[in-house]
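Coordinate inspection notes
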Amino acid sequence: MSGGAEERRGRGDRETRGEGDAETARRGDRTNLRASASLCHRVTLSPMHPSTPALPHQPRWLVVMPAHNEAANITAVLREVRARFPDVACLVIDDGSTDGTAEHARACGADVVRLPCHLGYGGAVQTGFRYAVRRGYDLVVLMDADGQHDPGSIPALLAPVLADQADVVVGSRFLGQHTYPVDPARRLAMRFFGGVVRWLTGQRITDPTSGFQALSREALRFFAYDNYPSDFPDADTLLSLLYAGFRVVEVPVTMHGRLSGTSMHSPLRGVYYFLRMSLSLFILLLRQKTRTAARPSETARGF
């Protein structure tokens, strides 16, 4: 009897030790999983800065297209983007369209965000930036839905960001080529505002009104909730980026005329654009000078 009892006690001790070892292993696994999750959380949500080094992983990028009544054009544009980049995600911001733009975009496999009213170009673009930030995209290519921006130029836009040489890349039709005549008055306005940006920052910008751009995650966060106008984000957004320390470069791209329809740039809107952009640049200059004057000098701080 005593031998049988000792044998049973031995088996019980071994089973207890086995269960203890298994529980210890499970605790270790849970600890490792928590540590890994914590590390992933820190990597994903760590604060970004314009000088953040190149991404160590394969970047996730998104094509953002603001669109207002572009049902006649958006199918052809999305098909061409998909033909060149089959795996890229496309997001169409339907800015209060009344012609079935959203339905055409969905039929081409694009994700669609429908705005409840017509916010304007800048409001639609900022919506796309917020979408990209909230879903963890590393890069965004911003392009028009009317066929003006040639998808074949997208690799040229992405290259400087992927090489950590720029935070924002602007596609310039004047460094590349454009297959349509640019209105002389609009061309004069481009030169004027490009000259203002160069005078204020020392950086030459040949196409300050270009909406064909690539933006890094850091630039997206800068614009997603602030610093972005609702109507014409052009030279003023470039000036904001440069004042904030972001690296902005231009690359040659190809632009075409609209596939169909009427441009949003009418003569009357052109006058409004010139006055509004002049005021916006003036306000940005005043803000920059105020910030500079408010900083204590090195002498005052004892340096």
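Just so we're clear, the structure is a prediction, and the values are computed from it rather than from any experiment.

A few points about the packing of helix α4 (residues 121-134) against helix α7 (residues 217-224)
- At a closest axis distance of 9 Å, the pairing of α4 and α7 adopts a crossing angle of 125°. Of the possible angle classes, the one that applies to α4 and α7 is oblique. The handedness of the crossing between α4 and α7 comes out as left-handed. Residues Q126, F129, R130, A132 and V133 of α4 touch α7, and the partners they reach there are L220, R221, F223 and A224.

As for the sheet that holds strand β4 (residues 139-142)
- With mixed pairing, seven strands are arranged side by side in an open sheet as β3-β2-β1-β4-β6-β5-β7. Only two strands of the sheet have a single partner each, and these edge strands are β3 (111-114) and β7 (248-255). This sheet shows a mean twist of 25° between the axes of neighbouring strands, independent of strand direction.
- Two strands pair when backbone bridges link them, and strand β1 (residues 61-67) and strand β2 (residues 89-94) are joined in this way by six bridges, in the parallel orientation. Considered in β2, the bridge of M65 is made with V92.

Quick notes on the state of the cysteines
- In the structure shown here, the tally under the stated rule is zero disulfides.
- The closest cysteine sulfur to the non-disulfide-bonded C90 is located on C108, 9.3 Å from its own sulfur.
- Overall, C90 belongs to the buried group, its relative accessible area being 1%.

Quick word on a nonpolar patch on the surface
- On the surface, a cluster of nonpolar side chains totalling about 380 Å² of accessible area is made up of F192, V271, F274 and L275.
- The element that contributes the greatest number of residues to the nonpolar patch is helix α9 (residues 267-294), accounting for three residues.
- By the element assignment, F274 lies in helix α9.
- Overall, the relative accessible area of 35% leaves F274 in the partly exposed class.

Observations concerning the nonpolar core
- Within the largest apolar cluster, 35 residues are counted, with the highest numbers of intra-cluster contacts made by W61, V63, M65, L78, V92 and V141.
- Counting residues per element, the ones that place at least two in this core are β1, α2 (74-84), β2, α3 (101-107), β4, α5 (154-162) and β7.
- Setting aside anything within four residues of it in sequence, one finds L78 in contact with M65, C90, V92, A105, C108 and A110.
- Ranked by size, the runner-up nonpolar core spans 34 residues in total, among them V168, I205, F223 and A235.

Here's the deal with the environment of N73
- With respect to the secondary-structure elements, N73 resides in the loop between β1 and α2.
- Look at N73 and you get buried, because its relative accessible area is 2%.
- Setting aside anything within four residues of it in sequence, one finds N73 in contact with A145, D146, R258, L259 and S260.
- A polar side-chain atom of N73 sits 2.7 Å from a polar atom in the side chain of E70.

Quick look at the pairing of β4
- Going residue by residue along β4, you find L139 and V141 tucked away on one face and V140 and L142 tucked away on the opposite face as well.
- As judged from the four bridges shared by β4 and strand β6 (residues 213-216), these two strands associate in the antiparallel manner. Residue V140 lies in a different strand from β6, and its bridge partner there is L215.

Section: the confidence of the model for the protein chain
- Averaged over every residue, the pLDDT of the protein chain is 78; the share at 70 or more is 69%.
- Per-residue pLDDT stays below 50 along residues 14-20; that stretch engages in zero contacts with residues further than four places along the chain or on separate chains.
- Note on residues 22-56: pLDDT is under 50 here. Beyond four places in sequence and across chains, it has 19 contacts.

Reading the values: rules and limits
- Residues numbered from 1 in each chain as written.
- Predicted model: local features only at pLDDT ≥ 70, side-chain atom pairs only at ≥ 80, totals over all residues.
- Heavy atoms only, no water.
- Axes fitted to C-alpha atoms, helices over the stretch in contact; angles between N-to-C directions.
- Helix = DSSP H or I, 4+ residues; strand = E, 2+ residues; numbered from the N terminus.
- Parallel < 35°, antiparallel > 145°, perpendicular 65-115°, else oblique.
- Left-handed = near helix turned anticlockwise from the far one by under 90°.
- Contact = heavy atoms within 4.5 Å.
- Pairing = 2+ DSSP bridges.
- Disulfide = S-S within 2.5 Å.
- Buried < 20%, exposed > 50% of the residue type's maximum accessible area, 1.4 Å probe, protein only.
- Patch = residues over 30% accessible without salt bridge, like charges linked within 9 Å, V, L, I, M, F, W, Y side chains within 5 Å.
- Areas by Shrake-Rupley, 256 points an atom, 1.4 Å probe, with all protein chains shown as cover.
- Salt bridge = Lys/Arg side-chain N within 4 Å of Asp/Glu carboxyl O.
- Core = buried A, V, L, I, M, F, W, Y, C linked by side-chain atoms within 4.5 Å.
- Polar contact = N/O pair within 3.5 Å; in protein donor to acceptor, adjacent residues only side chain to side chain.
- pLDDT = per-residue confidence, 0-100.

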